[in-house]
Amino acid sequence: MVGKVSERVLLREGLERTDNGMKLSTWPDVAPINQKNYYTDYMKRDDQVLALRLQSDATRDRLVQTARDRDRILSKPASGELPLPIPDLADEDGAATPSGNVDPSRIIVIHPGSQNLRIGFASDALPRTIPSTLATKFPQTESELYEALPRRHFEAKTTDQQYGEEWSKKYLKLCSDLKAEMRANKRKVLPNSKELVQTFNRRTEPEIIEKHNDPLEIEWTDVKSLEDAESPASCFIGNAALRVPDNSNPKFKLWWPLRYGLWNEDDYSSQEHLFDDFETLLDRALRNELGLTTNSEWLQYSCVFVIPDLYDKRYVEQVLRSCMIWFEFNRVCFVQESMAATFGAGYTQACVVDVGAQKTSVTCVEDGLCIDDSRINMKYGGYDITETFIKMMLYDNFPYQDINLQRRYDFLLAEELKIKHCTMAQADISVQLFNFHVRAPNQSTRKYTFKTYDEVILSAMGVFDPSIFDNSVKLRGRRKLVERSYNAYDVDIPDDPSSAAQLAILALVKPSIMSVTPGVSQLHQEMSTPSKERSQFNFFGRGENGTPAGSHAGSPAPEGNGTPAPFVFGAGKDGLNGDSPAPSSSRAAGTPVPGQASQAAQAPAGIFVDPNARSAASIAAERDAVLPIAPLDIAILTSIQNAAKGDDKKLRDLLGSIMVVGGGSKIPHFTVVLEEKIKARRPDLFDRILVSRSARDMDEQVVAWKGASVLAKLPTNDSWITPFEFERLGARTLHHKVLWAW
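Residues numbered from 1 in each chain as written. Predicted model: local features only at pLDDT ≥ 70, side-chain atom pairs only at ≥ 80, totals over all residues. Heavy atoms only, no water.

You'll find the chain entered in an unreviewed UniProt entry as Actin-like protein, with Moelleriella libera RCEF 2490 given as the organism. The record held by UniProt for the chain lists under Sequence similarities (unreviewed entry) the comment "Belongs to the actin family." (UniProt positions renumbered as here; feature names shortened; annotations may be inferred.)

Dropping the structure here:
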């Protein structure tokens, strides 16, 4: 043992002590925690979350105020003017529900769409509907900037060359299939009907009607009536924008902020311009349609905003930012379209089919909430029917050959022709004579006479065969201006909501999507048919008494076991999927057969790193590059199968409550034909399938808006976002406030 070393030795070695023995800091020492048993309640109580704490404080303040009002009324003499308040009804758990002082006339309900914007007060019976477009001064009009619609080669010599031989063959095949089907249904089919229509349309000439003889003359928008003609930001919106003459001086261009249910990134060059136009559209609608002309009035109003079921998080966050910063509403609440539709129709459980102008969504709703894995968003709708109807008419020598849907008056004319003539009833298919008027600015009215035959039904039936639509540019410009949303904690993982049913629709279009999708099943990489369930193992077989099965044959996958792989109805049947790996049956895989190459013997995730593994962002980008399009009946059955997840009772209930809403579904006999198509796909449940329009004889276009207004008037709605919460938390408050998993 070494003895004590003298200070002289320490000095010689350079180890002498130079401090004064005091502590380096006056801060108290923190003893390390005992890691064997320690406990913390950080972020485990509701009062530690700002949004939930403010909500409970508001409830407590409301209860206190109600008690004070009751005591004040009771203290008055019997001849008091105020009546006694009705006591709050108790819930099942015994807690009283405070009655919120909700004034419906102070709540604005907004439902924006690709073609129409619906806005109104929650106290209104019906909303105001305006086209969601703006017209601003621009060197060129949209008809001069873009190619004519429907797209065609004007210099082509034959009709087939003008519209493409592939599309012509497809159209002629649809005509022959319809003729065969009508004969099978014992309907009269004249053999030369098509030739009669084409010959008559080729020979007809327009009749010129002078201005003083036209009783339905259109009032065109006077461009000199612009509020501030010198300002580049001044614009017309809605119907006034559509009625701006194409040859006006100065020229105006139409801008559509939303297209195909997404931001219209293709037509805009900057994100600021896109967002400004969207805010300007809502701003002018508030001022012109609702009469809220001053910004100070908006502070007193709350807002309920309807968003898509399969939404883009960047879109919702931008809407929240606009409502809080630009409009400065008192409160904001978000509701999904299908959820709002069930509120408006009074359904508790339904498969909501929303056929809009440019997108069609299918979502199963149960107990007021959308089932996540059942959400489908497809990029076709009523506008595609309009364009295809005009294209088919042009193919059959439509007398007005110069029609161009990029021109405003031609677009309105095409919509009018579709509404008047398109149908899905085979009984109405015959050679019929109609007429229409072309009213162009600064021109005499032209009256055309034309005949139709099967164009009126084949264009509408395109929802069951979307390949007849023009799908060439629907994804052009996607992610050009607005980036994808990423996880706040792992910035490489996309954060937008996903759906097993939507993935199944993408796999129907591009089968390779399934093989690169993480989380569907890592055990299915080598299998040609992915199993319905995520688990590849079946430890207990399917024995009746629960004992392990001793059979060597592969057993089917268990029902309801974890998250199922996407189910595509009809995959592998009739060539629907082509070479799609999606299953043709919901019980396509189970326990691997002994002796075969076992995929279950792979190493657990995380032990080895695959150098060829792709990032989640690149996989999401590949999914975005696939246009989600599928026949409507296939999409409905796929959505219901992914919602039921093997529960036969839920499957039957959802098939019996299919509700069709949206303006694109107002074609006569739409629900009847849809029900027949679904029954043909599922003949085993023929008597359980029921397709209906919304209840109470309500217009299909306003059902979602009406449901949002019903939600706005509920006193127990806890999803309101206040400016204080947005100031503190920003878009993160959506995680705590929306009614579904954000």
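From this point, the discussion proceeds with the structure in view.
**With respect to the overall build of the chain**
Helix and strand counts for the chain stand at 22 helices and 19 strands. Taking all 742 residues of the chain together, the buried fraction comes to 47%. Sequence-distant contacts in the chain: of pairs separated by 6 or more residues, those separated by 24 or more amount to 71%. Summing over all exposed atoms, the chain offers an accessible surface of approximately 38,200 Å²; the carbon and sulfur share of this is 51%. (Helix = DSSP H or I, 4+ residues; strand = E, 2+ residues; numbered from the N terminus. Buried < 20%, exposed > 50% of the residue type's maximum accessible area, 1.4 Å probe, protein only. Contact = heavy atoms within 4.5 Å. Areas by Shrake-Rupley, 256 points an atom, 1.4 Å probe, with all protein chains shown as cover.)

**As for the packing of aromatic side chains**
Within this structure, the stated rule accounts for 29 aromatic pairs. Geometrically, the ring pair formed by Trp-256 and Phe-411 is edge-to-face, given 6.4 Å between the ring centres and 70° between the ring planes. Taken together, the positions of Trp-256 in the loop between strand S7 (252-255) and strand S8 (258-259) and Phe-411 in helix H13 (residues 408-421) put the pair 155 residues apart, joining distant regions of the chain. Each member of the pair Trp-256 and Phe-411 is classed as buried. Aromatic side chains Phe-398 and Phe-450 sit 5.5 Å apart centroid to centroid with 80° between the ring planes, which places their arrangement in the edge-to-face category. (Phe/Tyr/Trp six-rings, centres within 6.5 Å; stacked < 30°, edge-to-face > 60°.)

**Thoughts on the packing of helix H5 (residues 165-184) against helix H12 (residues 382-395)**
With their axes 12 Å apart at the nearest point, H5 and H12 run at an angle of 90° to one another. Between H5 and H12, the angle is such that the two are roughly perpendicular. Across from Trp-167, Ser-168, Tyr-171 and Leu-172 in H5, the residues of H12 making contact are Lys-391, Met-392 and Tyr-395. (Axes fitted to C-alpha atoms, helices over the stretch in contact; angles between N-to-C directions. Parallel < 35°, antiparallel > 145°, perpendicular 65-115°, else oblique.)

**Quick word on the sheet that holds strand S4 (residues 134-137)**
One open sheet holds the 3 strands; their spatial order is S6-S4-S7, and the pairing between them is antiparallel. Both edges of this open sheet fall to strand S6 (236-237) and S7, since each of them pairs with a single strand only. For S4 and S7, the ladder comprises 4 bridges, and the chain directions are antiparallel. Its bridge partner being in S7, Ala-135 is matched across the sheet by Leu-254. (Pairing = 2+ DSSP bridges.)

**Concerning the packing of H12 against H13**
Interaxial distance between H12 and H13 falls to 9 Å at its minimum, and their mutual angle equals 95°. Considered as vectors, H12 and H13 are oriented roughly perpendicular to each other. Across the interface between the two elements, Gly-382, Tyr-383, Ile-385, Thr-386, Phe-389 and Ile-390 from H12 touch Phe-411, Ala-414, Glu-415, Leu-417, Lys-418 and His-421 from H13. Considered class by class, the residues forming the contact of H12 with H13 number 7 nonpolar, 3 polar and 2 charged. (Nonpolar A, V, L, I, M, F, W, Y, C, P; charged D, E, K, R; others polar.)

**Section: the nonpolar core**
Nonpolar side chains in soluble globular proteins tend to end up buried together. Ranked by internal contacts, the top residues of the largest apolar core, which has 91 residues, are Leu-632 and Ile-636. Counting residues in each nonpolar core, the second largest holds 46 residues, with Tyr-268, Leu-281, Phe-327 and Phe-334 among its members. (Core = buried A, V, L, I, M, F, W, Y, C linked by side-chain atoms within 4.5 Å.)

**Focus on the pairing of strand S11 (residues 331-336)**
A large share of S11 lies buried, amounting to 5 of its 6 residues. Pairing of strand S10 (residues 302-307) with S11, which is carried by 6 bridges, proceeds in the parallel orientation. Bridge pairing in S11 places Cys-303 opposite Val-332. The β-α-β motif built from S10, the intervening helix H10 (residues 313-326) and the parallel element S11 has right-handed crossover chirality. (Right-handed = clockwise from strand over helix to strand, strands pointing away.)

**Re the sheet that holds strand S17 (residues 445-452)**
Strand order in the open sheet made by the 3 strands is S5-S17-S16, with antiparallel pairing throughout. The two strands at the open ends of the sheet, each matched to only one other strand, are strand S5 (207-209) and strand S16 (432-438). Pairwise comparison of adjacent strand axes, ignoring direction, gives a mean angle of 30° for this sheet. Direction of pairing for S16 relative to S17: antiparallel, over a ladder of 7 bridges. Residue pairing across strands places Leu-433 opposite Lys-451, the latter belonging to S17. Docked against the sheet, H13 engages S16 and S17, running at close to 155° with respect to S16.

**Points about helix H19 (residues 670-681)**
In a regular helix each residue adds 1.5 Å, so 12 residues correspond to 16 Å; H19 covers 17 Å between its end C-alpha atoms and thus fits that length. Looking at H19, one finds that the buried residues are Phe-670, Thr-671, Val-673, Leu-674, Glu-675, Ile-678 and Lys-679. (Expected span 1.5 Å × (residues − 1).)

**Some details on the confidence of the model for the chain**
Summing up the model confidence of the chain, the mean pLDDT is 85 and the portion of residues at 70 or higher is 83%. Contacts of residues 521-564 to residues separated by more than four positions or lying in other chains number 86 contacts, the stretch itself having pLDDT below 50. (pLDDT = per-residue confidence, 0-100.)

**Side note on the pattern of salt bridges**
Across all of its chains, the model carries 44 salt bridges by this definition. Between Arg-60 and Asp-57 there is a salt bridge, with its nearest N and O atoms 2.9 Å apart. With Arg-60 and Asp-57 both in helix H2 (residues 50-74) and 3 residues apart, this pair spans about one turn of that helix. Residue Arg-60 is classed as partly exposed on the basis of its relative accessible area, which comes to 46%. Given the relative accessible area of 24%, Asp-57 is considered partly exposed. Through salt bridges with shared partners, one network takes in Glu-265, Asp-312, Arg-478, Arg-479, Arg-484, Asp-496 and Asp-624. (Salt bridge = Lys/Arg side-chain N within 4 Å of Asp/Glu carboxyl O.)

**A short note on the state of the cysteines**
This structure, assessed with the given rule, holds 0 disulfides. Unpaired in terms of disulfides, Cys-364 finds its nearest cysteine sulfur in Cys-351, a separation of 4.0 Å. (Disulfide = S-S within 2.5 Å.)

**Considering H2**
With 25 residues, H2 extends 36 Å between its outermost C-alpha atoms, agreeing within 8% with the 36 Å of an ideal straight helix rising 1.5 Å per residue. The complete set of buried residues in H2 reads Leu-50, Ala-51 and Ile-73. Residues of H2 that are buried in the fold lie against helix H21 (723-729) and helix H22 (733-737).

**A word on the pairing of S17**
Examined bridge by bridge, S5 and S17 share 3 bridges and lie antiparallel to one another. Paired with Ile-208 across the strands is Arg-446, a residue of S17. Following S16, the chain reverses through 6 residues before pairing antiparallel with S17; Asn-442 in that reversal takes a positive phi of roughly 60°.

**So, the environment of Gln-140**
Looking at the element boundaries, Gln-140 is found in the loop between S4 and helix H3 (142-145). Taking the C-alpha atoms as reference points, Gln-140 and Asn-247, separated by 107 residues in sequence, lie 9.9 Å from one another. Here Gln-140 is in contact with Leu-145, Lys-251, Phe-252 and Lys-253, once residues within four sequence places are set aside.

**Some thoughts on unusual backbone geometry**
Note that the residue after Leu-149, namely Pro-150, is joined by a cis bond; omega there is -5°. In this structure, Pro-150 sits in the loop between H3 and helix H4 (159-163). Of note, the bond from Asn-249 into Pro-250 is cis; its omega dihedral lies within 30 degrees of zero at 5°. Along the chain, Pro-250 falls in the loop between helix H7 (238-242) and S7. One non-glycine residue with positive phi stands out, namely Asn-397, at about 65°. Note on placement: Asn-397 falls in the loop between H12 and H13. Assessed through its relative accessible area of 17%, Asn-397 is described here as buried. One non-glycine residue, Asn-442, lies in the positive phi region at around 60°. Considering the arrangement of structural elements, one finds Asn-442 in the loop between S16 and S17. The exposed category is assigned to Asn-442, whose relative accessible area is 73%.

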